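Chain residues, written in single-letter form:
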Amino acid sequence: MSTLLSHIDSPADLRRLSRQQLSQLASELRQFVLESVSRTGGHLSSNLGTVELTVALHYVFNTPEDRLVWDVGHQTYPHKILTGRRDRMHTLRQFGGISGFPRRDESEYDTFGTAHSSTSISAALGMALAAKMKGENRHAVAIIGDGAMTAGMAFEALNNAGVEDGRLLVVLNDNDMSISPPVGALNRYLAQLMSGQFYAAAKSVGKTVLKGAPPLFELAKRLEEHAKGMVVPATLFEKFGFNYVGPIDGHDLDSLVPTLENIRHLLDSGEGPQFLHVVTKKGQGYKLAEADPVAYHGPGKFDPSVGLVKPATPPKPTFTQVFGQWLCDMADADPRLVGITPAMREGSGMVEFHKRFPGRYFDVGIAEQHAVTFAAG
């Protein structure tokens, strides 16, 4: 049986599809990710959550001419599959195979080597301003998760980007924050409205007219902030100089594609840096991963029809488990010992330490720079 995915060897092939075919492609892509990771092991929950977003970005933007910069990078399996590496996914994370993260020497579509957190906005800003200096008509898009967004480096980059004039879009892939307004028809309409040309033009004309009367201009600014703040958490990012759009459903291609097209037009019109807030679900489309995204974050090989099963015989302890036990032993022996982790309790083997020594355990969030300096202090 011929499938859409089997004919996609590059994003150029994807862009030849009709808008109506994208949902079928996303469904096939999600199934391929699930079956592929179940055979090789790897990151699953995060990749199931970025399927529609990946399809929409490659559909709207002219990659690789336009640059996509993925933060952390463990959510790029759909990106790899759509950019000519579908037939090599069986070698994922194996010697001589393809990487579990973006690698510049692996593909021209991997614009920045990642795995470390919170670097995407800085890198994309650099690419956007380099393109401007060279007179190149390209866009730069940073895709960053809500966890990576907590790091200081992300906010340093936002602060810098807000005063520069590059074709930069920051996409916040939010799969954890609590969003007060429901993500549905109203937000879809508002997102498309705020990313549309009429809204941008009206805003620009309003600024020009009201700047002659500073008190009225300030009043209008405050009214706009409060009006948008009632339906979207816009004010913070607009203070950095971005035009905020969202939140929208990151699994709804009928919302994602037109909103991204509108934003691309805003970038081309010189409307400054843009910020799109999408809400996604880790493990989307695979009920077991939706129910327990942590367990399915980085599973080994498993049967998708059964799910994760505890082995009959206990496996040999991992280095992480040995380290975790050693840390507890040392903490027993020395009350001065503390444990610091940047949002990696499970990955760094500190679950037991946290349970036994809660007063000596510090999770500083995804902020490695802060973690090291905090430890030095």
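Up top is the structure.
None of these values were measured; they are calculated from a predicted model.

On to empty space enclosed by the protein. Taken as a whole, this structure holds one cavity of 30 Å³ or more when the rule is applied. Of the voids in this model, the largest cavity is the one considered here, and its volume is about 30 Å³. Taken together, Leu68, Val69, Trp70, His79, Pro102, Tyr109, Asp110, Thr111, Phe112 and Thr114 form the lining of the largest cavity. With three residues, strand β1 (residues 67-70) is the single largest residue contributor to the lining of the largest cavity. Its residues placed into classes, the lining of the largest cavity shows six nonpolar, three polar and one charged.

Quick look at the packing of helix α2 (residues 22-40) against helix α5 (residues 77-85) now. It is the contact of α2 with α5, at a shortest axis distance of 10 Å, that shows an interaxial angle of 110 degrees. In terms of orientation, α2 and α5 fall into the roughly perpendicular class. Within the contact between the two elements, α2 uses Leu29, Phe32, Val33 and Val37 and α5 uses Tyr77, Pro78, Ile81 and Leu82.

Turning our eyes to something else, we now look at the sheet that holds strand β3 (residues 168-174). A sheet is described by the order of its strands in space; here five strands give the open sequence β1-β2-β3-β5-β4, paired in parallel fashion. Two strands in the sheet have a free side with no partner beyond their single neighbour: β1 and β4 (243-249). Here the average twist between neighbouring strands, direction ignored, is 20 degrees.

If charged atoms from side chains of opposite charge come close, those side chains can pair. Under the counting rule described, the total for this entry stands at 20 salt bridges. Note that Glu106 is salt-bridged to Lys80, the shortest N-O span being 2.6 Å. Separated by 26 residues along the polypeptide, Glu106 in the loop between α5 and α6 (120-134) and Lys80 in helix α5 bring together distant segments of the chain. Its relative accessible area of 0% is what places Lys80 among the buried residues. In this structure, Arg336 engages Asp334 in a salt bridge whose closest nitrogen and oxygen atoms are separated by 3.0 Å. Take Asp334: its relative accessible area is 24%, and that puts it in the partly exposed class. Look at the salt bridges and you will find they share partners, linking Glu65, Lys134, Glu136 and Arg138 into a network.

About the cut-offs
Residues numbered from 1 in each chain as written. Predicted model: local features only at pLDDT ≥ 70, side-chain atom pairs only at ≥ 80, totals over all residues. Heavy atoms only, no water. 1 Å grid on protein atoms, 1.4 Å probe; cavity = no way out; pocket = protein on both sides within 12 Å on 5 of 7 lines; lining within 4 Å. Points joined across faces, edges and corners; volume = space filled by probe spheres on them. Helix = DSSP H or I, 4+ residues; strand = E, 2+ residues; numbered from the N terminus. Nonpolar A, V, L, I, M, F, W, Y, C, P; charged D, E, K, R; others polar. Axes fitted to C-alpha atoms, helices over the stretch in contact; angles between N-to-C directions. Parallel < 35°, antiparallel > 145°, perpendicular 65-115°, else oblique. Contact = heavy atoms within 4.5 Å. Pairing = 2+ DSSP bridges. Salt bridge = Lys/Arg side-chain N within 4 Å of Asp/Glu carboxyl O. Buried < 20%, exposed > 50% of the residue type's maximum accessible area, 1.4 Å probe, protein only.

Everything listed here is a matter of geometry and, on its own, says nothing about what the molecule does.
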